[in-house]
Amino acid sequence: MYAQLRHYGWRPLEAIGHITFGIALLGLGLACAGADLVGGWEQAGRLLEGIGG
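These figures come from a predicted structure and were not determined experimentally.

1. Remarks on the overall build of the protein chain
No. 1: When helices and strands are tallied, the protein chain shows 2 helices and 0 strands.
No. 2: Taken across its 53 residues, the protein chain has 4% of its residues classed as buried.
No. 3: With an accessible surface of roughly 4800 Å², the protein chain has 69% of that area assigned to carbon and sulfur atoms.

Written out as structure tokens, the structure reads:
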């Protein structure tokens, strides 16, 4: 991978920055999806409580 990055003329620090940025975006997307999923479970729980009670 490093040889490939060197071939395209990227400096190692620049490549690390791009990789870190990509991982951060992926983490943010997963966090948003997780929060949405948890919110969905909470809403389903409230709905079931309303039916049961």
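2. Comments concerning a nonpolar patch on the surface
No. 1: Taken together, the side chains of Phe21, Leu25 and Leu28 define a hydrophobic patch exposed on the protein surface, amounting to about 330 Å² of accessible area.
No. 2: Along the chain, Phe21 falls in helix α2 (residues 12-52).

3. Quick word on the pattern of salt bridges
No. 1: The final tally for this structure, using the stated rule, is 1 salt bridge.
No. 2: Measuring nitrogen to oxygen at the nearest pair gives 3.9 Å for the salt bridge that ties Glu42 to Arg46. Of the two residues, Glu42 and Arg46 are both situated in helix α2; the distance of 4 residues between them amounts to about one turn of the helix.
No. 3: The exposure class assigned to Glu42 is partly exposed, which follows from its relative accessible area of 47%.
No. 4: Of the residues examined, Arg46 reaches a relative accessible area of 54% and is grouped as exposed.

Definitions and limits used
- Residues numbered from 1 in each chain as written.
- Predicted model: local features only at pLDDT ≥ 70, side-chain atom pairs only at ≥ 80, totals over all residues.
- Heavy atoms only, no water.
- Helix = DSSP H or I, 4+ residues; strand = E, 2+ residues; numbered from the N terminus.
- Buried < 20%, exposed > 50% of the residue type's maximum accessible area, 1.4 Å probe, protein only.
- Areas by Shrake-Rupley, 256 points an atom, 1.4 Å probe, with all protein chains shown as cover.
- Patch = residues over 30% accessible without salt bridge, like charges linked within 9 Å, V, L, I, M, F, W, Y side chains within 5 Å.
- Salt bridge = Lys/Arg side-chain N within 4 Å of Asp/Glu carboxyl O.

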